[in-house]
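The primary structure of each chain is shown beneath.
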Amino acid sequence: MSKNSVLKGVFLVGLGATSYGMLATFVKLAYQEQYTTAEVTLSQFIYGILGVLIINAFQKTKSKVAIDKATPKNIVHLMIAGTSLGATSVFYYLCVRYIDVSIAIVLLMQTVWMGVLLEWFLEKKIPSIQKSIAVIIVLIGTVLATNLMNNTTQIDWRGIFWGILAAASFTTTMFTANKVALGISSAQRTLYMLIGGLIVVILFALYTQTTPFNYTIFLKWGLFLALFGTIIPPMLMNAGFPITGIGLGSIVSALELPVSVSMAFIILNETVIGIQWIGIILIIFAIVIMNVNLPFLKNKQ
């Protein structure tokens, strides 16, 4: 593969990760205008589905070769997989309601070690020494990045609870998304997963929305949330990962972490101290370790 192709893949994955990194800040701004979690998630998924429908129609019109259509079995499997996508949005946005964005994104990044555990449990793959070291570094980085040792009385533990649930749900999403209906286009896969996610979001809204639904969310924040949460990132990452490979792609996608913290620092004026930046760097370092070949550990895998 040419160097230019790899650079293109890096650019696509990096831009997708950057978009994801901006998302929580927009959610926090919507909260400041008194919108509810149900309003935020519903507007995001409805706009997201409309956007991906347009992309699918465009691809179908412009493609010179026949595009494989999803079978009924594909659709059902993707919708089931998409329920965890909807749950991730609900849990993550509940987390952001209670704690700072700069801490919430760190909790979401716990997918690094949760993915290792899930792989161990489901596929009976014992973690290598390299992955085990990376997991330990992630845990140390998390303690530093959340300033947990000095913040035990200030952090709302409801936010920690929802953040961990969001990470667990996102881990499930990533695991299933890489195994379900791989023979159809990424736009089709994204569409049916979003429909599955919308079902979860609707159920959540019906259960939690106690006030009249504020439809102005669709005019003010819905489009931003859909673009940066459900349209741009999955489309770019699905296009970029086959070029970069999982290893390099995972490293580049870690851009989401510093982007999210920087946005929270600049736009929301959240306090981010030096020890938290050290923790963030450690988490990114762990992701790098997990996805590169280390010759001195090769014989110990």
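It should be noted that the structure appears before, not after, this text.
Because the structure is a prediction, the values reported are computed rather than measured.

(A) The packing of aromatic side chains, seen in detail. For the coordinates displayed, the defined rule picks out 11 aromatic pairs. Taking 6.0 Å as the distance between ring centres and 55 degrees as the angle between the ring planes, the aromatic pair formed by W221 and F224 counts as tilted. An aromatic cluster is defined as three or more aromatic residues linked by ring pairs; in this entry it consists of F26, W221, F224 and F228. A cation sits over an aromatic face here: R97 above Y31, 3.9 Å from the ring centre.

(B) Molecular detail of the side chain of S89. With respect to the helices and strands, the residue S89 is situated in helix α3 (residues 72–98). Among the residues examined, S89 registers a relative accessible area of 10% and is labelled buried. In contact with S89, not counting residues within four places along its chain, are T41, Q44 and F45.

(C) Fine view of the nonpolar core. Of all hydrophobic cores here, the largest spans 50 residues; its most connected members are V40, Y92, V96, W221 and L257. The residues contacting Y92, other than those within four sequence positions of it, are A24, A104, I105, L108, A166 and S260. Formed by 24 residues, the second largest nonpolar core is a distinct cluster that contains A38, L78, F204 and A205.

(D) Region of interest: a nonpolar patch on the surface. A contiguous nonpolar surface patch, about 400 Å² in accessible area, is contributed by I199, I202, L203 and L206. Here L203 lies in helix α8 (residues 186–208). What makes L203 exposed here is its relative accessible area of 56%.

(E) Summary view of helix α12 (residues 274–291). Helix length check: α12 (18 residues) gives 26 Å between terminal C-alpha atoms against 26 Å at 1.5 Å per residue, within 8%. Among the residues of α12, Q276, G279, I280, I283, A286, I287, I289 and M290 are the ones counted as buried.

(F) Representation of the side chain of N56 in the model. Relative to the elements of secondary structure, N56 occurs in helix α2 (residues 37–62). A polar side-chain atom of N56 sits 3.1 Å from the main-chain carbonyl oxygen of A187. Of the polar contacts made by the side chain of N56, one reaches the backbone nitrogen of Q188; its length is 3.3 Å. With sequence-adjacent residues up to four places away left out, N56 is seen in contact with S185, A187, Q188 and L191.

(G) Up close: the environment of G86. Within the element layout of this structure, G86 appears in helix α3. Separated by 38 residues in sequence, G86 and G48 have C-alpha atoms that sit 12 Å apart.

(H) Molecular detail of the packing of α3 against helix α4 (residues 101–108). Two elements in contact, α3 and α4, have axes whose closest approach is 8 Å; the angle formed by their N-to-C orientations is 145 degrees. By crossing handedness, the relation of α3 to α4 is classed as right-handed. Across from Y92, C95 and V96 in α3, the residues of α4 making contact are V101, A104, I105, L107 and L108. Partitioning the contact of α3 with α4 into residue classes produces eight nonpolar, no polar and no charged.

Conventions used here
- Position numbers for residues count from 1 along each chain, tracking the sequence in the order it is written.
- Given that this is a predicted model, residues contribute local features only at a pLDDT of at least 70 and side-chain atom pairs are listed and counted only at 80 or more, while totals for whole chains, interfaces and linings are drawn from all residues.
- To get the side-chain values, take all heavy atoms of the structure and skip hydrogens and water.
- Pairing of aromatic side chains here covers Phe, Tyr and the six-membered ring of Trp, requires ring centres within 6.5 Å, and sorts the geometry by plane angle: under 30 degrees stacked, over 60 edge-to-face, intermediate tilted.
- We call a charge positioned over a ring when the NZ of a Lys or the CZ of an Arg lies within 6 Å of the ring centre and within 35 degrees of the ring normal.
- The secondary structure listing takes helices from DSSP runs of H or I that are at least 4 residues long and strands from runs of E that are at least 2 residues long, numbered from the N terminus.
- Accessible area is worked out with a 1.4 Å probe on protein chains only. A residue is then buried under 20% of its type maximum, exposed over 50%, and partly exposed in between.
- Note on contacts: a residue pair qualifies if any of its non-hydrogen atoms lie within 4.5 Å across the two residues.
- Residues belong to a common nonpolar core when they are buried Ala, Val, Leu, Ile, Met, Phe, Trp, Tyr or Cys residues joined through side-chain atoms within 4.5 Å.
- Like-charged residues within 9 Å of one another, or nonpolar side chains (Val, Leu, Ile, Met, Phe, Trp, Tyr) within 5 Å, are grouped into patches, provided each residue has over 30% relative accessible area and no salt bridge.
- Only the protein chains shown count as cover for residues, and the accessible areas themselves come from Shrake-Rupley with a 1.4 Å probe.
- For this document, the term salt bridge refers to a Lys or Arg side-chain nitrogen within 4 Å of an Asp or Glu carboxyl oxygen.
- Any helix carries an expected span of 1.5 Å times its number of residues minus one.
- Distance and chemistry together define a polar contact, namely a pair of N or O atoms within 3.5 Å, with one atom able to donate a hydrogen and the other to accept it when in protein, and with adjacent residues in sequence counting only for side-chain atoms on both sides.
- Helix axes are fitted only over the stretch in contact, all axes being lines through C-alpha atoms; the angle between N-to-C directions runs from 0 to 180 degrees.
- Take the far helix as your reference; a near helix turned counterclockwise from it by less than a right angle gives a left-handed crossing, and one turned clockwise gives a right-handed crossing.
- Residues were grouped as follows: Ala, Val, Leu, Ile, Met, Phe, Trp, Tyr, Cys and Pro as nonpolar; Asp, Glu, Lys and Arg as charged; and all remaining residues, including Gly, as polar.

So, to be careful, I would describe these as geometric facts and stop short of saying anything about function.
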